[in-house]
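# Structure at a glance
So the chains spell out like this:
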Amino acid sequence: MKTLTVALDERSYPIYIGADLLSQADLLTRHIQSKQVIIVTNETVAPLYLQNVLAHLSAYHVESVILPDGEQFKTFDSVNLIFDKLLASKFSRNSTLIALGGGVIGDMGGFAAACYQRGIAFIQIPTTLLAQVDSSVGGKTGVNHLLGKNMIGAFYQPQAVIIDVDVLDTLDDRQFAAGLAEVIKYGLIRDLEFFVWLEENIDVLLARDKTALTYAIEQSCRMKAEVVAEDEHEGGIRATLNLGHTFGHAIETGMGYGTYLHGEAVAIGTCLAADLSQRKGFLNAADVVRIIHLFERANLPIKSPTELTAERFIDLMAVDKKNVDGAIRVILLEAIGKATLPMLVDNLSLMQTLQHYGR
Ligand code: NAD
Ligand code: GLY
């Protein structure tokens, strides 16, 4: 097992990464300081892994909330079901919430933990590749609004993140590929060497070789932990983790939550960001091709949905957390391995990318 640390002074926490970690009771119970424990999961993950977690908690008063599955259920209504259970069970402020699932469960579980009695402890047990390499680390929690993805939420750090790579065995290929989009992102924004490693190992990763997979998860978590430790509340460098996301969130919202998986929308969004980076004179044409090719090889979509016109796209992009005074700002690439901070872009270049790339 490898242990990384998200260094945030008194709120620092470990990320455990390894095989068969769900069977290790102590990894979990060492982070529980209460008798009352609530597990938040969904109807897909519960039959697969809830029992493995419950098995370690016989000495506690445990309640479980099993939410409907899907991005379209990342809502206040779902979070309210968690509050219903916490209140009906008379859980106190020292309770612990365990989020067992993908990014949707992790984001909602964390948000519920941030809000219940103004904050209870929580632990992330991410079960998708995307959640293991990105969403479970760093404390961004929240829900979607029909008018904007992830627009309602809070920064709230967990006590620990437990990443058991074996749970990925049950993940389907589409979801697995979606997770790779965020892995590729890390190479693009801050590590050329890792990007080259991904080019060399993408087929091995798709075959789910455990050694390669564990390495990719470790590298991703290492980079996420570094960025979060430097800029927890996204005053600067943390925004680079949103490469492709301004476009991607517009696709998710515009097409209806769940139509495109988050990772798929990020893959398309990153190709759009690469095209725009070239138009602005940063990336050369060969690197844009190289980026698009890697997403293609990872079985990810690279073209924006024809249903979204450039005008509609821009309207959707106007609802984003990186915008300032209503002006759209995007992350661009100066080179493979080097992202810019959020940049204002002129409407003409943006229109050209949206009208011409992938059409
Ligand atoms: P998800 O949570 O919807 O999970 C994808 C699917 O896989 C679901 O159907 C789920 O039930 C299923 N599943 C989960 N674990 C499984 C397993 N081990 N075996 C079989 N099936 C399993 O989607 P996701 O891709 O994990 O997360 C996407 C969400 O994460 C989005 O809402 C996105 O906004 C958010 N996100 C948040 C951050 C952050 O920093 N907080 C970062 C990136 C993404
Ligand atoms: N996924 C973006 C972030 O955590 O900042």
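In case you missed it, the structure is sitting above this.
Computed from a predicted model, the values in this text were never measured in an experiment. (Residues numbered from 1 in each chain as written. Chains lettered and ligands numbered in written order. Predicted model: local features only at pLDDT ≥ 70, side-chain atom pairs only at ≥ 80, totals over all residues. Heavy atoms only, no water.)

### Observations regarding the sheet that holds strand S3 (residues 36-42)
Ordered by their spatial adjacency, seven strands build an open sheet running S1-S2-S9-S6-S5-S3-S4, and the pairing between neighbours is mixed. A single partner strand is all that each edge strand has here, and the edge strands are strand S1 (2-6) and strand S4 (61-67). Strand-to-strand twist in this sheet, taken as the mean axis angle between neighbours without regard to direction, amounts to 15°. Pairing analysis gives six bridges linking strand S5 (residues 96-101) to strand S6 (residues 121-126), with the strands arranged parallel. Note on S6: the bridge partner recorded for Thr96 is Ala121. Along the sheet, helix H4 (residues 103-115) makes contact with S3, S4, S5 and S6, crossing S5 at roughly 165°. Strands S1, strand S2 (13-18) and strand S9 (160-164) of the sheet are contacted by helix H8 (residues 210-230), whose axis makes an angle of about 20° with S1. (Pairing = 2+ DSSP bridges. Helix = DSSP H or I, 4+ residues; strand = E, 2+ residues; numbered from the N terminus. Axes fitted to C-alpha atoms, helices over the stretch in contact; angles between N-to-C directions. Contact = heavy atoms within 4.5 Å.)

### Describing the packing of aromatic side chains
A ring pair, where both rings are aromatic, is described by two values, the distance of the centres and the angle of the planes. Using the criterion set out here, one finds six aromatic pairs in the structure. Consider the rings of Phe76 and Phe111, whose centres lie 6.1 Å apart with planes at 55°: the pair is tilted. A residue pair is termed long-range when its members are at least 10 positions apart, and Phe76 in helix H3 (residues 76-88) and Phe111 in helix H4 qualify at 35 residues. Residue classification places Phe111 among the buried residues on the basis of a relative accessible area of 7%. Among the aromatic residues, those joined into a cluster by ring pairs are Phe194, Trp197 and Tyr215. Note that Lys35 overlies the ring of Tyr60, its terminal NZ or CZ placed 5.7 Å from the centroid. (Phe/Tyr/Trp six-rings, centres within 6.5 Å; stacked < 30°, edge-to-face > 60°. Buried < 20%, exposed > 50% of the residue type's maximum accessible area, 1.4 Å probe, protein only. Lys NZ or Arg CZ within 6 Å of the ring centre and 35° of its normal.)

### Some remarks on the site of ligand 1
By nearness alone, 27 residues border ligand 1, and Asp69, Lys74, Thr127, Thr128 and Thr170 come closest of all. Take Asn42: an N or O atom from its side chain is 2.9 Å from an oxygen atom of ligand 1. A distance of 3.4 Å separates an oxygen atom of ligand 1 from a polar atom in the side chain of Lys224. When the residues that make up the shell around ligand 1 are grouped by side-chain class, the tally is seven nonpolar, eleven polar and nine charged. (Near = heavy atom within 4 Å. Polar contact = N/O pair within 3.5 Å; in protein donor to acceptor, adjacent residues only side chain to side chain. Nonpolar A, V, L, I, M, F, W, Y, C, P; charged D, E, K, R; others polar.)

### A few points about the pairing of S2
Counting buried residues in S2 gives six out of six residues, a clear majority hidden from the surface. The two faces of S2 match: Tyr13, Ile15 and Ile17 on one face and Pro14, Tyr16 and Gly18 on the other face are all buried. In the sheet, S1 pairs with S2 via five bridges, with the strands oriented antiparallel. If you follow Thr5 over to S2, its bridge partner there is Pro14. Hairpin connection of S1 to S2: six residues between the antiparallel strands, including Asp9 at a positive phi of 50°. Two strands pair when backbone bridges link them, and S2 and S9 are joined in this way by four bridges, in the parallel orientation. Counterpart to Ile15 in the pairing with S9 is Val161.

### A short note on the site of ligand 2
In the vicinity of ligand 2, the contacting residues are Asp134, Lys140, Lys224, Glu234, Arg238, Leu241 and Asn242. In this structure, Lys140 approaches ligand 2 through a side-chain N or O atom, which is 2.8 Å from an oxygen atom. Lys224 is positioned with one of its side-chain polar atoms (N or O) 2.5 Å from an oxygen atom of ligand 2. Contact with the protein chains removes 90% of the 200 Å² of surface that ligand 2 exposes when unbound. The class makeup of the residues in the shell around ligand 2 is one nonpolar, one polar and five charged. (Areas by Shrake-Rupley, 256 points an atom, 1.4 Å probe, with all protein chains shown as cover.)

### Points about empty space enclosed by the protein
Within this structure, the stated rule accounts for two cavities of 30 Å³ or more. As a volume, the largest cavity reaches approximately 60 Å³. Forming the boundary of the largest cavity are Leu147, Gly148, Lys149, Thr246, His249, Ala250, Thr253, Leu316, Met317, Val319 and Asp320. Elements represented by at least two residues in the lining of the largest cavity include exactly strand S8 (148-155), helix H9 (245-255) and helix H12 (310-317). For the lining of the largest cavity, the leading source of residues is H9, giving four residues. Partitioning the lining of the largest cavity into residue classes produces five nonpolar, four polar and two charged. Considered as a void within the structure, the second largest cavity measures approximately 50 Å³ in volume. As for the second largest cavity, its lining consists of Leu21, Leu22, Gln24, Leu28, Val53, His56, Ile125 and Ile162. Here the residues of the lining of the second largest cavity sort into six nonpolar, two polar and no charged. (1 Å grid on protein atoms, 1.4 Å probe; cavity = no way out; pocket = protein on both sides within 12 Å on 5 of 7 lines; lining within 4 Å. Points joined across faces, edges and corners; volume = space filled by probe spheres on them.)

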